[in-house]
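# A look at the structure
Residues per chain, in single letters:
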Amino acid sequence: MNYRYIWKEIRHHRHRTLVNVLGIAVGIALFVSINAVSAAYQRAISLPFKNIGADIVVQRAEKRSLDSGQPPASMRGIRLPFSNQILSVQDMEKLRTISGIDAMVASLLLWEFDQGGFKTIMGVDLTAPSLGPIKVKEWLAQGRFPEKTGEAVLETHFAKFHKIKAGDTFTIGGRSFNVVGLLEIKEGSQVAAANIYLPLADAQSLLGGSAGDINIAYLHMKNPAQIDEIKTQISKTLSGVTVTSSDSFLELMGGMSQISSQFSLVVSLVALAGAIFLIIKTMVGNLVERSREIGILKAVGWTSSDIQKQLMGETFMQAIMGGIAGIAAGYLISYLLGYLSIPVATPWELNLTPAFAKIAETSAKTIRLPVSFSAGLTAAALALSLFAGGLASYFMGRRMSKMKPVDILRRL
Amino acid sequence: MNNADILIGANLSKRFDDLEVVKDVSLIIKEGEFVSLVGKSGCGKTTLLSLLSGLEQPTKGQVILNGKEITGASEEELALFRREHVGFIFQSFNLIPTLSAWENVALPLFPIKMTNEQRQDRALELLNQMEMGHRTEHLPAALSGGEKQRVAIARALINNPKIVFADEPTGNLDSATGDAIMAILSELHKKQGMTMLMVTHALELAKTADRVIRMQDGEVIT
Ligand SMILES: Nc1ncnc2c1ncn2[C@@H]1O[C@H](COP(=O)(O)OP(=O)(O)OP(=O)(O)O)[C@@H](O)[C@H]1O
Ligand SMILES: [Mg+2]
């Protein structure tokens, strides 16, 4: 192969080269961005669960209630959320009999309505593994996590709203708590987001029910692939409970998130195929314009395979340039899209604040698209641009072999 | 000088659809001969030359070039054969516009395994011989017609061909430049004993050759 000649052809026909390279780049950029954004969406909807290390959340909703837009007049003080009635001891025992679960954490989630407004309170088992709401202790911004009764941490936005600092005291359900720390809820973690976190025993005594009351269970699977199977098993064993996993977000979000990874692959391949088709057409068209040159090469003794190598060299060079440019552009587009925050709609039973309580909305509701570089996607894009180059050289070769050296004798 | 038959055309015919352009032509060119082929425009000179040089297959007849029967050979075989034994000079030069003068000269060597320096050395040597040593890096667009034809002649010689086919090599040049090119060809024949078949329709030019073959309506008449 003669790199000198290949390079000269590419350089001297700048316009031609630019069109080809851009064509491939556009196709590859589409392929990369569609797949990267789709992968980011898939990741985004798994975040609410992933961030708190849980695969499944189990709750028992109040039978009659719907999450109406109006607060019932009788609602004052500490109460259980509509979607989180007490999970009985029997319920928990049944849950434990289900195999495939390797960790389980139970919490007590409370709502308080008073003159000061509305708050969500999460009572957490301080001895439990870092799963579900316990996970939030890794997100402390200031101070420490509660160690004993009478201590609480506040979510930073909520604390700011109420002008509370670490070290202050804060009244919950008529009792005074020491605020020992502040924490920041990670993006997309609404499944365990509350305004206040305090020891489980304190939450239980605030509710005034029986000791050991809990109303939300976070489960971690041995094998995440079994989620669906275990979800149906839980629904069967414990009648009337709500079982949610990241799929529940998928169903709600619509749009891009409903596009499965296979579907986006198909869409992006179709887009790429269109681009490749156009590129091959222009490349073969270019070749026809070069039929005189091909005739000269044949006349001076280049065989078809010599010419084919030359064409392949030119085509692959452009395909690689287009591929690299397309990959760069594709990721650029994806990262730019990633700067936009997307709303993550929460299934109502997982939305730990009632619809009518609009205070202290935090970042938990919207998340940035977690676009990330994928070696696999990049390699696939590069392979596809080479494939496009190969395909174009194949068709150019077929066209080229039909060109006759004798034609140049009669051209002026 | 040995007088082997380097090119034999036997009963050559070429038909394009219902138009017979070359009609039963037979001719022999001996090694070291300079033969010119003359005739009116459209009488079939270029077609005959393409048959004899293996650029095109005849409808009927045979061509034996340098002892090898080339009729019926595949395109690839013919290309390799041209690479080794044949040189071409065209009326319209047919240089590659993106390649410099020396690269155009070296073009037939590109598919051959050798270093770029070897190719360049050989090309420069021939360009010097054509008095083009000062314009080796220029693109064809920067060269005059006469200069282009000198580059093309150098290219035709780079493979040490057994025979050079030239189709109206001065057809695109003014008469002074044409004369200079004819002088080069004539010198090639006289000093290096190059076998040449040159198509022209100018009788004075044809006289430079050892022998003139006349064509009329696809037939050889002398
Ligand atoms: N591919 C082709 N198909 C049909 N007819 C052709 C083809 N090539 C040549 N001809 C015809 O054959 C005849 C001879 O053409 P050719 O080019 O050999 O003439 P020529 O003697 O070289 O003429 P000139 O002096 O003008 O170059 C012409 O009438 C031409 O139109
Ligand atoms: Mg002619």
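Refer to the structure printed above.
Conventions used here
- Residues numbered from 1 in each chain as written.
- Chains lettered and ligands numbered in written order.
- Predicted model: local features only at pLDDT ≥ 70, side-chain atom pairs only at ≥ 80, totals over all residues.
- Heavy atoms only, no water.
- Helix = DSSP H or I, 4+ residues; strand = E, 2+ residues; numbered from the N terminus.
- Rg over C-alpha atoms; globule rule 2.2 N^0.38 Å.
- Areas by Shrake-Rupley, 256 points an atom, 1.4 Å probe, with all protein chains shown as cover.
- Lys, Arg positive; Asp, Glu negative; His and termini not counted.
- Charge placed at Lys NZ, Arg CZ, Asp CG, Glu CD.
- 1 Å grid on protein atoms, 1.4 Å probe; cavity = no way out; pocket = protein on both sides within 12 Å on 5 of 7 lines; lining within 4 Å.
- Points joined across faces, edges and corners; volume = space filled by probe spheres on them.
- Pairing = 2+ DSSP bridges.
- Contact = heavy atoms within 4.5 Å.
- Axes fitted to C-alpha atoms, helices over the stretch in contact; angles between N-to-C directions.
- Near = heavy atom within 4 Å.
- Polar contact = N/O pair within 3.5 Å; in protein donor to acceptor, adjacent residues only side chain to side chain.
- Nonpolar A, V, L, I, M, F, W, Y, C, P; charged D, E, K, R; others polar.
- Parallel < 35°, antiparallel > 145°, perpendicular 65-115°, else oblique.
- Left-handed = near helix turned anticlockwise from the far one by under 90°.
- Buried area = accessible area lost by both parts, 1.4 Å probe.
- Salt bridge = Lys/Arg side-chain N within 4 Å of Asp/Glu carboxyl O.

## A word on the overall build of chain B
Across its full length, chain B holds 7 helices and 10 strands. Taking 2.2 N^0.38 as the reference for a compact globule, 222 residues should give roughly 17 Å; the C-alpha atoms of chain B span a radius of gyration of 17 Å, in line with that estimate. Structurally, chain B occupies a C-alpha span of about 45 × 40 × 40 Å along its principal axes. Only carbon and sulfur atoms are counted for the fraction: they give 48% of the accessible area of chain B, which is about 9300 Å². Counting 23 positive and 29 negative side-chain charges, chain B places the averaged centre of each group 2 Å from the other.

## Details of the layout of surface pockets
Residue and element names in this part refer to chain B. Approximately 350 Å³ is the volume found for the largest pocket. Mapped onto the lining of the largest pocket, the elements with two or more residues apiece are β2 (19-30) and α1 (45-52). Element by element, the count of residues in the lining of the largest pocket is highest for β2, at 4 residues.

## Description of the sheet that holds β2(B)
All names here are of chain B. Here we have 4 strands laid out as an open sheet, ordered β2-β1-β4-β5, and antiparallel in their pairing. In this open sheet, the two edge strands, each paired with only one partner strand, are β2 and β5 (68-69). Looking at chain direction, strand β1 (residues 5-16) and strand β4 (residues 60-65) are connected through 5 bridges and run antiparallel. Directly across from Ile 8, in β4, lies its bridge partner Ile 64. Those strands touched by α1 are β1, β2 and β4, and its axis lies near 125° from that of β1.

## A short note on the site of ligand 1
Neighbouring ligand 1 are 13 residues, the closest being B:Ser41, B:Gly42, B:Lys45, B:Thr46 and B:Thr47. Lying at an intersection of chains, ligand 1 is approached by residues of chains A and B. Between B:Ser41 and ligand 1, the recorded distance is 2.5 Å, taken from a side-chain N or O atom to an oxygen atom. Within the side chain of B:Thr46, an N or O atom sits 2.6 Å from an oxygen atom of ligand 1. Relative to its free-state accessible area of 630 Å², ligand 1 is covered by the protein chains to the extent of 64%. Per element, the largest residue contribution to the shell around ligand 1 is 3 residues, and it comes from α1(B). Split by residue class, the shell around ligand 1 holds 3 nonpolar, 6 polar and 4 charged.

## With respect to empty space enclosed by the protein
Residues and elements named next belong to chain A. One pass over the full model with this rule turns up 5 cavities of 30 Å³ or more. As a volume, the second largest cavity reaches approximately 120 Å³. Contributions of two or more residues to the lining of the second largest cavity are made by α1 (3-12), α2 (14-50), α8 (261-289) and α10 (304-339). Its residues assigned to classes, the lining of the second largest cavity comprises 4 nonpolar, 6 polar and 4 charged.

## Section: the sheet that holds strand β3 (residues 34-39) of chain B
Residue and element names in this part refer to chain B. With mixed pairing, the 6 strands of this open sheet are ordered in space as β6-β7-β8-β3-β9-β10. On the outer flanks of this sheet lie β6 (86-89) and β10 (219-220), each paired with one strand and no other. Across 5 bridges, strand β7 (residues 163-167) lies against strand β8 (residues 195-199) in parallel orientation. For Val 164, the partnering residue across the bridge sits in β8 and is Met 196. Packed onto the sheet, helix α2 (residues 75-85) meets β6 and β7 and runs at close to 85° relative to β6. The strands that helix α5 (residues 145-157) touches are β6 and β7; relative to β6, the one it contacts most, it runs at about 170°.

## Side note on the packing of α1(A) against α10(A)
Residue and element names in this part refer to chain A. The geometry of α1 relative to α10 is characterised by a closest axis approach of 9 Å and an angle of 55° between their N-to-C directions. Comparing their axes, α10 and α1 come out oblique. Between α1 and α10 lies a crossing of right-handed hand. The segment α1 lies against α10, with Tyr 5, Ile 6, Trp 7, Glu 9 and Ile 10 engaging Gln 310, Gly 313, Glu 314, Met 317, Gln 318 and Met 321.

## Considerations on the interface of chain B and chain A
A common way to express how large an interface is: the accessible area buried when the components associate. Listed per partner, the contact involves 33 residues of chain B and 28 residues of chain A. The contact between chain B and chain A buries some 2700 Å² in all, and 59% of this surface belongs to carbon and sulfur atoms. Contact with chain A buries surface across chain B, with B:Leu55, B:Asn94 and B:Thr98 losing the most and accounting together for 19% of the total. Where chain B packs against chain A, one counts 3 salt bridges. Here A:Lys8 and B:Glu103 are joined by a salt bridge, their closest N and O atoms 2.7 Å apart. Every element with two or more residues in the side of chain B that touches chain A is listed here: α1, α2, α3 (101-106) and α4 (116-129) of chain B. Among the elements that line the side of chain B that touches chain A, the one with the most residues is α2(B), at 6 residues. Broken down by class, the residue content of the side of chain B that touches chain A amounts to 15 nonpolar, 9 polar and 9 charged.

Interpretation in functional terms is not warranted from these geometric data alone.
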